[in-house]
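Understanding the architecture of this molecule
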Amino acid sequence: MTDNTWLDRWDERYDSEQFAYGTDPNHYLKEQLNKLIPGNILFPAEGEGRNAVFAATKGWNVSAFDISANGQKKAFQLAEHNHVNIDYQVGELSTLNYQQEQFDVIALIYAHFPASVKSSIHQMLNQYLRKGGFIIFEAFSKNHLEYIAKDEKVGGPKDIESLFSIDEIKADFPDYNIVELSETEIDLNEGLFHNGTGSVIRFVGQKM
């Protein structure tokens with residue numbers, strides 16, 4: 001079950017007219033999608049829809065979900081502004097009716113789920129990706145706490161369990177050919193809440 005304080009946090013963040021993380025797509029996602037032929041893509045924890053809408057403008061058949069109805073509302077506004085359609089559901093993954101091997105790509109972009117469920121969600125998502133399909137992942141690393149201590153404006157979870165390590169990604173996605181898996185320092189300039197230098201894990205894996 002979703003903790004109500006977790007839901008309230010995201011509903012509150014997405015409640016203003018401004019987009020919390022901007023309307024431009026994540027740079028790494030954009031770079032990776034440009035290498036692939038459009039197909040069916042899923043965006044978990046998609047918030048206000050910036051990445052889903054970008055993919056739709058590039059010809060992808062887009063599905064997305066989040067626990068926040070406010071996020072969904074903003075995503076639909078952005079999709080309308082860009083003259084595209086996205087299938088965006090509100091709810092937890094276990095309640096949504098995605099099909100086995102439905103997707104060619106699953107894009108996890110700053111999809112920081114609560115620590116107690118993050119690995120089980122990754123394993124659940126795995127069944128919805130077809131063999132030969134790709135995971136595209138970018139999220140804050142466990143070393144990111146040092147960066148938050150220097151500059152809170154960079155954003156990200158403040159508890160180490162919600163952050164990621166290379167070993168966790170290997171454990172959560174064992175049956176993948178690793179195209180890229182690295183921890184790297186990047187400069188973020190994404191809306192109101194991702195600004196400054198941070199430490200991220202980047203992963204592209206192809207399902208065997």
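The text that follows walks through the structure, step by step, so that each part is easy to find.

Here is what the cut-offs are and how they apply
Residues numbered from 1 in each chain as written. Predicted model: local features only at pLDDT ≥ 70, side-chain atom pairs only at ≥ 80, totals over all residues. Heavy atoms only, no water. Pairing = 2+ DSSP bridges. Helix = DSSP H or I, 4+ residues; strand = E, 2+ residues; numbered from the N terminus. Axes fitted to C-alpha atoms, helices over the stretch in contact; angles between N-to-C directions. Phe/Tyr/Trp six-rings, centres within 6.5 Å; stacked < 30°, edge-to-face > 60°. Lys NZ or Arg CZ within 6 Å of the ring centre and 35° of its normal. Right-handed = clockwise from strand over helix to strand, strands pointing away. Salt bridge = Lys/Arg side-chain N within 4 Å of Asp/Glu carboxyl O. Buried < 20%, exposed > 50% of the residue type's maximum accessible area, 1.4 Å probe, protein only.

Considering the sheet that holds strand β7 (residues 194-207)
Taken in spatial order, the seven strands make up an open sheet running β3-β2-β1-β4-β5-β7-β6, and their pairing is mixed. The open sheet has two edge strands, β3 (87-90) and β6 (176-190), and neither has a second partner. Along the sheet, successive strands turn relative to each other by an average axial angle of 15°, direction set aside. One ladder, built from seven bridges, connects strand β5 (residues 129-140) with β7; its direction is antiparallel. When the bridges of β7 are listed, Phe134 appears paired with Gln206.

What about the packing of aromatic side chains?
The full count for this structure, using the stated rule, is eleven aromatic pairs. Aromatic side chains Tyr98 and Phe103 sit 5.6 Å apart centroid to centroid with 70° between the ring planes, which places their arrangement in the edge-to-face category. One aromatic cluster is present, formed by Phe65, Tyr98, Phe103 and Tyr128 through successive ring pairs. For Lys118, the ring lying beneath its charged end belongs to Phe164, and the centroid distance is 4.4 Å.

A few points about the pairing of strand β1 (residues 40-43)
Sheet analysis places β1 next to strand β2 (residues 61-66), joined by four bridges and oriented parallel. By the bridge assignment for β2, Asn40 is matched with Asn61. Each parallel crossover has a hand, and the one from β1 via helix α3 (residues 50-57) to β2 is right-handed. As paired elements, β1 and strand β4 (residues 103-109) share two bridges and run parallel to each other. Following the sheet pairing, Leu42 is matched in β4 by Ile106.

Digging into the pattern of salt bridges
Where charged atoms from two side chains of opposite charge approach closely, those side chains can pair. Across all of its chains, the model carries nine salt bridges by this definition. Lys142 is paired through a salt bridge with Glu168; the nearest N and O atoms lie 3.3 Å apart. Taken as a pair, Lys142 in the loop between β5 and α6 (144-150) and Glu168 in helix α7 (residues 166-172) lie far apart in primary sequence, 26 residues in all. Of the charged contacts in the structure, one is a salt bridge between Lys158 and Glu152, with a shortest N-O distance of 3.3 Å. Given a relative accessible area of 56%, Glu152 falls into the exposed group. Beyond isolated ion pairs, a larger network of salt bridges with shared partners links Lys118, Lys142 and Glu168.

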